[in-house]
There are 2 protein chains.
Amino acid sequence: MARILDECTDEAKLARILMRPGFNPKDRRMTDSFESILDDHSIEVVVECMGGLEPAHEYIVRALMSGKHVVTSNKAVVSTYFSEFVSVGEKYGGTLRIEACVGGGIPWIAGIEKAKRIDAIIGFSGILNGTTNYIVYSMLKDGTDFAEVLGKAQELGYAERDPSADIDGLDVRAKTMISATVAFDVRCTDLVPTSGIRNLTRRDLAFFGNHGRTVKLFGHGVCKDGRYAVAVEPVAIPMETLEAHVPLNFNIATLTGKTIGELTFYGQGAGGDPTANAVVQDILDIAHKNFPTYSFVHKDSQALIYEPELLRSSYVIRTEAPVCDGRVYEPGAYIVRDITALQARELLDEALKSDPTSFMAALGERK
Amino acid sequence: MARILDECTDEAKLARILMRPGFNPKDRRMTDSFESILDDHSIEVVVECMGGLEPAHEYIVRALMSGKHVVTSNKAVVSTYFSEFVSVGEKYGGTLRIEACVGGGIPWIAGIEKAKRIDAIIGFSGILNGTTNYIVYSMLKDGTDFAEVLGKAQELGYAERDPSADIDGLDVRAKTMISATVAFDVRCTDLVPTSGIRNLTRRDLAFFGNHGRTVKLFGHGVCKDGRYAVAVEPVAIPMETLEAHVPLNFNIATLTGKTIGELTFYGQGAGGDPTANAVVQDILDIAHKNFPTYSFVHKDSQALIYEPELLRSSYVIRTEAPVCDGRVYEPGAYIVRDITALQARELLDEALKSDPTSFMAALGERK
């Protein structure tokens, strides 16, 4: 980020870098005193890339209370404290910019914000986690097992040592909650039905392939008549869709607006340069005073109601648990028609009790 | 557009509508006097959607000379007079906004402009014409002939009575020139090698299909070391690419930036609502003073050099003309290795002299 700031723009420059106490400074801009940053009135923007909930949450609140703007790439802290940050920012005159939290270098947050200037966003969906896309892509391309690909991804640094945030959908859940907040102006519930791809096997991919489908992990949301729903789940999508052909660790995200229809953004969802690019774009938007306010904090009287019924689909569940009497999809896998994402998650929980290898995916619509 | 302005924003309102002389006004905002619009100092923005070169060119220049901003959806006039409009606008303090000229409701022009704030754009490519995408999509889906699909598209109003602008690539050429100007800061030459899909047959699609490819009409450009090249041509792309799965009359466009890598935008490339959406977005950008200047007019000393060598590829030509001694791709079709887009266009011209049904497509790279 320092390099992109230095080389690519003269509208902002890096003044200070906060380091851990006791760390040996390699650059005269480094400091271990957060207070010295807060007290420096020449600093207008604080960039938070430390990750985790604390002390990131505390530092963001204090920066906003000092009248500074905050740019962050930390999806965990934003999805947890979005409302608080917006309230504090509005009170003290600062703004929070979060482009790097979702979709890396893809202008997804700004794209939603721009569409909303004249359009009502009625839904969104996307492949928002590069690691799981890379895992499925590699399983299909190389015919390898989930565990083998995951191990390779961990070696390459694509996946964390504890892969749960990626493969159980928690990373996508945070990104989906943030997207819903921006798209629908809602304080998003954290009761998001969330399933991952931990139990996805080569054989699952093969039988979905026989039906002209592949499996991708999606975050999606809909908003209708003052109600909304969000979910994170694997979807078995037809091969004729764009999403089926997202390679490697790329991300794709689509919003649906009333006048604009479908609008899709695709690119590098992670990585140093794309993430830094998103952070610097946010800094420039602040410099140009080009950013929206998030007004949902003030709209308690017309707050959206969480309504799981809005997200219904048919599902395929592969399980040896005696939970299904649906139509057979493939030996050992069944179609369950027209249930909500929340009911699907409950059904999967039930199945996992007697068959911990059970896997379930929504059936995406054919175009 | 009037409806979107009225219903979706209170930051701008429609003051006047210019109509043809003698037309019977149905709305009190209608006038047949362009002068009355120029003289009305309460009008800050003129929107030009009349199409064609004249009098659109004259009206845009006069509006800019009156210190007004201009928003236009007219790709023909912009691709022809871009430099003049920028010069006049800079002299009199107005700006020209052109989002609706390329890709309808897709934020492609603004996407390039935003990426350029911190990135060097080294290339772009896209399916920028919905009519030809619809023709190829329908030929494949329904197994119909080119002429039959074209007739149906004309009935539905997707294609013009004279289809040449679409099927010979002239529409894409204008959009490619505009994209190159925005992406590379260049006064784009009109010597763009341009081929269309007029001669594409079901049999061509079938044999490309046998090789795991489909055919789409692309506009593309590259920029490197002070040189640039652009071309419009059919490309036989691998089925594993996103572009191969663009349905109906949708558009897709990708920029490649040095730090951001590939960034792709997909959506409705035409139609009333998406185009109006793009126009109103431009009006709001003017209201928010959020737009770049096109500086290329001042950079004569460092103008980019047009260098056809930058766009090289292998090509497949299906012809009965005795112009090829390349490797056979399919009976009657040959691969010609590593020639420029300009050389390809010359080879096709030569072939068309003795076989007017000849068809040629670049071979897109496998990922």
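In this report, the structure presented in the accompanying data block is examined. The structure displayed is predicted, hence computed values, not measured ones.

Observations concerning the pairing of strand β15 (residues 359-363) of chain B
Residues and elements named next belong to chain B. Of all the five residues making up β15, five are buried; the element is thus mostly covered by neighbouring parts of the structure. Alignment of strand β8 (residues 227-238) against β15, held across two bridges, turns out to be parallel. The residue of β15 that forms the bridge with Val235 is Ala362. As defined by bridge partners, strand β12 (residues 312-318) adjoins β15 across four bridges and the pair is classed as antiparallel. Each residue of the ladder has a partner; that of Arg318, found in β15, is Phe359.

Looking at the interface of chain A and chain B
Taken together, the contact pairs 38 residues of chain A with 38 residues of chain B. A combined buried area of about 3400 Å² lies between chain A and chain B, and 57% of that area is made up of carbon and sulfur atoms. Of all residues in chain A, the largest losses of buried area upon contact with chain B belong to Arg117, Ile118 and Leu242 of chain A, amounting jointly to 22% of the total for that side. Counting across the interface, chain A meets chain B through four salt bridges. With its nearest N and O atoms 3.7 Å apart, the salt bridge here joins Asp285 of chain A to Lys114 of chain B. At the junction of chain A with chain B, the criterion picks out 13 residue pairs in polar contact (both at pLDDT 80 or more). Secondary structure elements with two or more residues in the side of chain A that touches chain B: α1 (2-8), α5 (108-116), β9 (250-257), β10 (261-268) and α11 (272-287) of chain A. Residues of the side of chain A that touches chain B, tallied by class, amount to 19 nonpolar, 12 polar and seven charged. The pairing of β10 of chain A with strand β10 (residues 261-268) of chain B spans five bridges and is classified as antiparallel.

Describing the pattern of salt bridges
Following the criterion strictly, the structure yields 42 salt bridges over all chains and no others. Note that Asp171 of chain A is salt-bridged to Lys175 of chain A, the shortest N-O span being 2.8 Å. On the criterion of helical spacing, the pair formed by Asp171 of chain A and Lys175 of chain A is a turn pair, its members being four residues apart in helix α9 (residues 170-184). One exposure class covers both Asp171 of chain A and Lys175 of chain A, and it is buried. Among the ionic pairs, Glu58 of chain B bridges to Arg62 of chain B, the shortest N-O distance being 2.9 Å. Placement of the pair is Glu58 of chain B and Arg62 of chain B together in helix α3 (residues 56-65), with a separation of four residues, close to one helical turn. Note on Glu58 of chain B: relative accessible area 34%, which makes it partly exposed. Look at Arg62 of chain B and you get partly exposed, because its relative accessible area is 26%. A single salt-bridge network, built from bridges that share partners, covers Arg97, Glu113, Asp282 and Asp285 of chain A together with Lys114 and Arg117 of chain B.

Cut-offs and rules
Residues numbered from 1 in each chain as written. Chains lettered and ligands numbered in written order. Predicted model: local features only at pLDDT ≥ 70, side-chain atom pairs only at ≥ 80, totals over all residues. Heavy atoms only, no water. Buried < 20%, exposed > 50% of the residue type's maximum accessible area, 1.4 Å probe, protein only. Helix = DSSP H or I, 4+ residues; strand = E, 2+ residues; numbered from the N terminus. Pairing = 2+ DSSP bridges. Contact = heavy atoms within 4.5 Å. Buried area = accessible area lost by both parts, 1.4 Å probe. Salt bridge = Lys/Arg side-chain N within 4 Å of Asp/Glu carboxyl O. Polar contact = N/O pair within 3.5 Å; in protein donor to acceptor, adjacent residues only side chain to side chain. Nonpolar A, V, L, I, M, F, W, Y, C, P; charged D, E, K, R; others polar.

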